[in-house]
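Chain by chain, the residues run as shown.
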Amino acid sequence: MLMGIIGVPFVFFHFTQELLGRKNYLLVRLGYLLAVVFAVLNLLGLIVTNIAFTESGFRYTIGPAAPLLGIFGAGYTFASGLLLCIQCIKDRHSFWSNRLCYLSVGAMFVVVGSLLNFIPEIGRYPVDITANTINAFLLAYAIYRHRLLSATIPIRKALVLFLTFTGLVVLFLPIFSLLGSFDSPFILAFVFASLTIFFYEQLKGGIQTLLDRVIFGEKYNYRETLKAFSKLMTSIIDLSRLADSTLELLVQALHVKGVLLFLPNEAGDFSAHAQKGYPQDVLAFQLDKQSAIVRYLARQSEQVLTGRDLETKPEFRGLWQQEKEMLEKLGAEVIVGLNIQGTLQGILFLAGKTSNSPYTDDDLALLITLTNQAAVALHNAQTYHAVWEQAIRDDLTKLYNFRYFHEYLDKEISRCAEAKGIFSLILLDLDFFKTYNDVYGHLAGDKALIKVAQAMQESIRPSDVAARYGGDEFVVILPETGLEQAKAVAERIRENVCLKFQNYGCSLLTVSLGVAAYPEHGRTKQQLLTSVDRALYRSKNLGRNLVTETALEIGMAELAAQAEKDFLKEQMRGMQLDTIYTLAAAIYARDNYTYEHSKKVTQYAVAMAEELGLSDEHKQLINNAAMLHDIGKIGIPESVLNKPGPLTSSERELIHYHVTIGETILNQMPYLRSLATIVRHHHERYDGYGYPDGLSKENIPLEARILAIADAFHAMTSDRPYRKALTREEAIEEMIRYAGTQFDPHLVPLFVNIVQSRPPGGWE
Amino acid sequence: MANLCELLREGKTNEAWLKYCGFIELSLVEFMEIQERLLMEQLQLLSDSHLGKKLLRESFPKSLEEFRQTVPLTTYEDYLPYFDEKRADVLAVQPEFWICTSGKFDSYDQKWAPYPAAWVQTQINNFIAAIIFSICSKKGSFSLRENSSFLYAMAPPPYLTGMVPHYLKNEFPFAYLPPLAEAEKMDFDQQNLEGFRLGLHYGIDLFFGISAVLDRIGEKFVKQGIAALGQRGLSPLAWLRLCCGYLRSKLERREFLPKDVWNLKGIICTGTDTSFYKKRIEHYWGVKPLEIYGGTEIGFAATQTWDYNGMILFPDVNFWEFIPEDEHFKSQADPNYEPRTVLFSQLEPGKRYELVVTNLKGGAFVRYRVGDMIKVLSRTNETLDIDLPQIIYEDRVEDVIDLAGFTRITERALGKALALSGIDNANWLAYKAFADNHPLIELILEVQEPDSTRELEEKIHLALRGVDSDYRDLESMVGYRPLRVKAIPEGTINLLREKLGRGEFSWAAGLGSRLNPPAKIMEMIASTVEK
């Protein structure tokens with residue numbers, strides 16, 4: 001009893017200090033020291049003497065050191081009460097006042113109960129024990145009600161011990177009744193000890209398992225699940241399956257409303273990859289790699305963020321409004337970074353729990369354990385996935401490769417053969433790609449292939465399989481798609497490619513496509529590939545930039561005749577285009593300005609031709625003439641062409657000669673002769689003072705008059721070694737001023753309208 | 001999202017500190033990351049709006065470098081056609097409300113700025129940070145009682161300061177003195193006096209106002225005692241507070257000061273001259289004033305911390321750029337010159353810069369020249385362990401003299417006052433000076449007869465009162481004449497220009513403003529005046 005009087009005040013003081021987070025342990029240590037001193041004093045009979053149980057009750061007399069113990073006990077209890085009151089007054093918020101009032105009241109009971117012991121007439125009754133019991137109840141209630149301390153562990157320990165010993169007693173009672181005949185307490189003690197040693201561990205183990213199920217409930221199940229998951233993880237290498245399993249486990253173990261997993265994509269940003277408990281549209285969410293959340297999780301050693309962290313930590317002041325809206329929509333209460341060797345491999349967003357209770361520290365600790373394991377497994381799966389992707393993807397275009405296409409086609413044929421399904425194939429080939437490569441170089445050629453691949457991806461469904469068949473040939477498998485739908489998809493691809501290579505009215509690169517369908521055009525792989533190849537060939541022969549199905553319905557003889565005719569025509573056109581590109585490449589090699597100038601003049605001239613409503617053929621003529629209008633400059637010395645100062649009269653004469661040289665070059669090629677006249681006359685003036693022939697008004701070919709305007713406008717708006725560029729407005733003024741003298745007065749307003757209707761960068 | 005009130009009720013003072021004041025614990029790198037990230041968001045928002053496209057010159061920069069290279073600096077004139085008519089349709093984000101401030105003399109009456117909701121919330125959070133700094137004594141240690149008495153002596157809506165209390169109540173309940181609805185009907189002087197009178201009854205925990213006003217009331221209180229506020233209608237509690245205060249002053253054997261009556265926990269001040277009034281306010285009120293810096297176009301931009309020295313810019317309200325002083329002078333000389341800017345991380349201690357801002361979170365101003373000069377005190381604050389540059393607000397740029405944050409006198413306004421005074425042809429210069437513990441305009445005027453200076457001063461003062469109503473209010477509010485005329489012989493200024501040599505300063509070439517001439521000129525003038 002006396003040890004209680006000595007111990008309770010300063011232990012209670014220690015508890016108060018811990019609760020309020022105070023770091024001053026000097027008084028606590030002093031308390032422990034004094035407790036020892038008082039215990040010794042008591043043994044020496046200086047505190048309580050002469051204890052006796054009489055008929056009238058418990059009697060004792062107190063010694064000379066008793067008042068000191070009274071001061072010690074009252075002092076520590078009073079100090080505890082004072083600390084609690086100060087805290088209550090200082091923070092007048094319900095958070096502390098609710099929690100601390102129980103402790104303050106309990107402290108008062110302890111003080112009063114202990115002090116009453118010093119009045120032997122009252123102390124003979126167990127008032128202090130009653131007061132301490134009341135305090136213990138208040139303390140326990142405060143701990144339970146307001147979660148002052150985590151009481152689960154001590155409760156579990158106490159219960160295990162209590163139930164074990166109760167069990168032992170229940171077990172031993174019949175044995176003792178049997179052994180009752182033995183009077184010797186020694187034999188009884190021996191039997192009890194032996195049985196305890198034998199049964200204690202087994203009984204304790206069983207009770208502990210039972211209690212764990214009751215006390216830890218879900219967590220116990222979770223731990224069991226975790227064990228199972230650990231085994232499972234080593235066997236799953238498929239990223240999607242693993243992600244789904246992980247999320248499923250989290251939802252079950254923690255009773256979470258929703259979980260969303262983000263994984264890094266090729267750009268380094270994080271895309272939603274898998275979800276549980278959320279609507280499907282959350283998979284559209286993305287997290288930028290520069291997002292404060294990604295940066296924080298990638299940088300910090302801590303891997304868990306709570307919703308409150310996002311609100312309070314200054315690093316998250318940089319969150320975008322749309323990121324905040326995303327967090328709100330997800331109801332994200334916890335965010336966990338999956339880090340492997342310092343690299344962020346994924347991010348988990350967890351919504352609130354179904355019980356609406358907050359995540360406890362235990363929940364978070366368990367979450368970290370789980371995600372650490374999951375992170376390793378996900379990392380392995382990602383690595384496997386990346387290697388697998390590498391093996392089946394084309395390096396340049398990132399479409400599937402030839403090998404994967406064949407594997408997939410085999411599977412698709414088998415599937416359709418078994419299930420009587422359908423699918424279609426599209427084969428695609430770039431038109432004049434060799435020439436494009438020759439003119440623009442292989443680097444530009446590679447870029448073009450990537451653009452075509454993008455155009456294809458944008459035109460097909462996610463379930464379709466697009467692959468690079470080889471070189472400039474691509475192929476698409478369209479599962480569950482009939483011929484007509486496939487033709488529509490092919491047409492969409494063709495249009496998309498045209499758009500991607502659009503260069504003011506003309507497409508620099510086009511594609512021809514063939515379409516075949518299973519089972520109409522073949523039931524085996526070979527038959528299908530032959531059919532689709534034939535369809536592609538037909539598209540090429542019919543003029544390119546076309547979609548054609550394989551020719552089942554047209555007679556082969558007719559097709560052959562038509563094809564031959566088309567082929568010759570196309571050959572001619574092809575040669576013409578090849579030559580133009582080659583000459584353009586020659587200009588580019590010689591003088592980049594002239595090349596860029598020719599391109600711009602082409603844009604302006606074609607725009608005028610369109611505005612004039614000229615036919616496609618006529619427009620093509622103007623396009624080609626504009627591209628080559630300065631081809632004659634090949635024959636002019638560079639020193640004259642790029643001379644910074646004014647030209648002498650002989651130099652000017654030399655420059656004038658470029659139109660004649662151009663005409664001569666173009667006349668050498670029969671299929672370009674139509675351009676020669678236009679090129680010769682593009683420096684004629686409307687008033688007849690131009691060169692080389694001094695033609696005037698409508699005697700100058702229309703195409704040459706168009707070129708004259710386009711040529712002059714671009715020259716005026718470009719910086720040259722001998723003068724600065726005019727602004728667009730200044731150049732327009734010049735054009736208007738010289739309409740009727742230098743330029744065709746009917747064409748100038750038309751051109752000015754075109755220029756003014758476009759923003760400055762609108763020609764790009 | 002938990003607000004300040006909820007956090008404090010839950011006893012989470014540390015989290016409250018982190019939420020509102022935690023930005024001072026950012027490293028410079030983290031600060032810049034926030035800046036850049038929010039700038040990218042802002043550019044994305046701007047690219048979808050008419051005004052944004054116009055300001056970005058259709059360039060839609062993808063990086064910070066590209067933004068600074070391609071987007072030109074702007075002034076209010078770029079926004080005037082839209083903001084004069086409060087055109088919300090041209091904006092990236094719809095504004096919660098429009099805020100105004102006084103305009104440019106002879107050009108436009110008022111300047112307007114749209115405030116979108118996300119930006120408003122940021123302003124409120126940052127203002128709370130200033131409140132917390134004003135009442136804390138060390139990092140993370142503060143206590144704020146619900147319904148604390150708040151004497152809010154600032155302009156009513158639609159001025160920026162007037163909007164704050166209306167949004168502050170979503171974060172924390174204050175008891176305003178006088179209550180907002182009443183205060184908004186009163187004139188400024190009346191509002192202040194009534195606030196202090198009510199404070200006699202309820203006490204005053206916090207004050208937010210102009211430092212010159214607080215100084216003036218303190219001065220009046222010392223001179224006139226309670227008569228400065230009027231004795232009629234005081235409650236018994238007010239008399240008790242007065243008596244206790246008076247007794248305290250007598251026990252300490254010193255004069256009766258406002259701090260004996262009102263036990264303020266925090267004072268927040270705006271105004272260019274807060275540092276000038278700092279010691280006097282502390283003497284009268286017992287608390288150092290915490291200076292915050294802001295403006296209509298930039299919101300609450302910076303605050304001092306609990307050492308009451310340099311200010312720290314908030315990372316999430318504007319993207320900060322700074323024109324170095326030499327570049328600033330070049331652009332003053334040649335209006336077509338596009339000055340180079342530096343970033344927050346490139347500021348150098350001891351140097352002066354002109355401020356350029358891009359509003360974040362949907363605000364409208366892009367690379368906007370605010371017209372304010374700041375000075376960098378130090379790269380970090382080692383005493384408080386803050387790793388961010390410490391700045392002070394120096395003054396307005398050359399074309400304005402700012403008096404106590406109360407009025408801004410332009411060259412044109414001063415010229416008009418001179419003309420009204422019958423001085424049409426005299427050469428003159430003006431700058432801000434301090435005399436008798438107050439800021440004032442020092443007008444250096446070339447005159448034929450130095451004896452007539454007093455007479456001229458009177459005339460110009462009266463004319464300025466007519467030209468600028470804020471100047472007139474300042475006189476009645478702070479009770480002194482904010483103008484001093486110093487006469488110099490005719491031809492002196494031109495002589496100085498020649499001495500200075502052409503080319504060094506635009507001012508030397510006769511291109512610079514007549515207001516706030518460079519320090520070198522002021523030194524030369526001072527010696528001339530002495531002679």
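This text goes with the structure placed above it.
Residues numbered from 1 in each chain as written. Chains lettered and ligands numbered in written order. Predicted model: local features only at pLDDT ≥ 70, side-chain atom pairs only at ≥ 80, totals over all residues. Heavy atoms only, no water.

1. Re the sheet that holds strand 18 (residues 438–447) of chain B
Residue and element names in this part refer to chain B.
Line of reasoning, step 1. An order of 17-18-19 is seen for the three strands of this open sheet, with the pairing classed as mixed. The open sheet has two edge strands with one neighbour each: strand 17 (428–435) and strand 19 (483–489). When strand polarity is set aside, the average angle formed by the axes of neighbouring strands in this sheet is 30°.
Line of reasoning, step 2. By the bridge criterion, seven bridges tie strand 18 to strand 19 in an arrangement that is parallel. Across the sheet, L445 pairs through a bridge with A487, a residue of strand 19. (Pairing = 2+ DSSP bridges. Helix = DSSP H or I, 4+ residues; strand = E, 2+ residues; numbered from the N terminus. Axes fitted to C-alpha atoms, helices over the stretch in contact; angles between N-to-C directions.)

2. Regarding the pairing of strand 14 (residues 390–396) of chain B
All names here are of chain B.
Line of reasoning, step 1. Where burial is concerned, most of strand 14 is hidden: five out of the seven residues are buried.
Line of reasoning, step 2. Note: strand 13 (residues 368–378) against strand 14, six bridges, orientation antiparallel. What sits directly across from V376, in strand 14, is I391. (Buried < 20%, exposed > 50% of the residue type's maximum accessible area, 1.4 Å probe, protein only.)

3. A look at unusual backbone geometry
Line of reasoning, step 1. Of the consecutive residues P157(B) and P158(B), the connecting peptide bond is found in the cis state with omega at 10°.
Line of reasoning, step 2. Tracing the sequence through the fold places P158(B) in the loop between strand 3 (148–153) and helix 8 (160–168).
Line of reasoning, step 3. A positive phi angle is found at H255(A), which is not glycine, with a value near 55°.
Line of reasoning, step 4. Take H255(A): it is sitting in the loop between helix 10 (239–254) and strand 3 (259–264).
Line of reasoning, step 5. In this structure, N147(B) is a non-glycine residue whose phi angle is positive, near 60°.

4. Let's talk about helix 14 (residues 274–285) of chain B
All names here are of chain B.
Line of reasoning, step 1. Taking 1.5 Å of rise per residue, 12 residues should cover 16 Å, yet helix 14 covers just 14 Å from first to last C-alpha, more than 12% shy of that figure.
Line of reasoning, step 2. When helix 14 is considered as a whole, its buried residues turn out to be T274, Y277, K278, R280, I281, Y284 and W285.
Line of reasoning, step 3. Those residues of helix 14 hidden inside the fold are in contact with helix 10 (188–202), helix 11 (211–224), helix 13 (258–261), strand 6 (266–270), strand 7 (289–295) and strand 18.
Line of reasoning, step 4. Immediately downstream of helix 14, the backbone of G286 shows phi near 80°, a positive value. (Expected span 1.5 Å × (residues − 1). Contact = heavy atoms within 4.5 Å.)

5. Considerations on the interface of chain B and chain A
Line of reasoning, step 1. Taken residue by residue, the interface counts 29 residues in chain B and 24 residues in chain A.
Line of reasoning, step 2. Of the roughly 2400 Å² buried between chain B and chain A on both sides combined, carbon and sulfur atoms contribute 48%.
Line of reasoning, step 3. For chain B, the biggest contributors to the area lost against chain A are E33(B), R37(B) and E41(B); these three give 26% of the whole.
Line of reasoning, step 4. For the pair chain B and chain A, the number of links is eight salt bridges.
Line of reasoning, step 5. Residue E33(B) pairs with R299(A) through a salt bridge whose shortest N-O separation is 2.7 Å.
Line of reasoning, step 6. Linking chain B with chain A are 13 residue pairs in polar contact (both at pLDDT 80 or more), by the criterion used here. (Buried area = accessible area lost by both parts, 1.4 Å probe. Salt bridge = Lys/Arg side-chain N within 4 Å of Asp/Glu carboxyl O. Polar contact = N/O pair within 3.5 Å; in protein donor to acceptor, adjacent residues only side chain to side chain.)

6. Section: a nonpolar patch on the surface
All names here are of chain A.
Line of reasoning, step 1. Judged by side-chain polarity, L27, L30, L33 and V37 come together as a nonpolar surface patch covering roughly 330 Å² of accessible area.
Line of reasoning, step 2. Relative to the assigned elements, V37 resides in helix 2 (residues 26–43).
Line of reasoning, step 3. V37 sits in the partly exposed class, given a relative accessible area of 38%. (Patch = residues over 30% accessible without salt bridge, like charges linked within 9 Å, V, L, I, M, F, W, Y side chains within 5 Å. Areas by Shrake-Rupley, 256 points an atom, 1.4 Å probe, with all protein chains shown as cover.)

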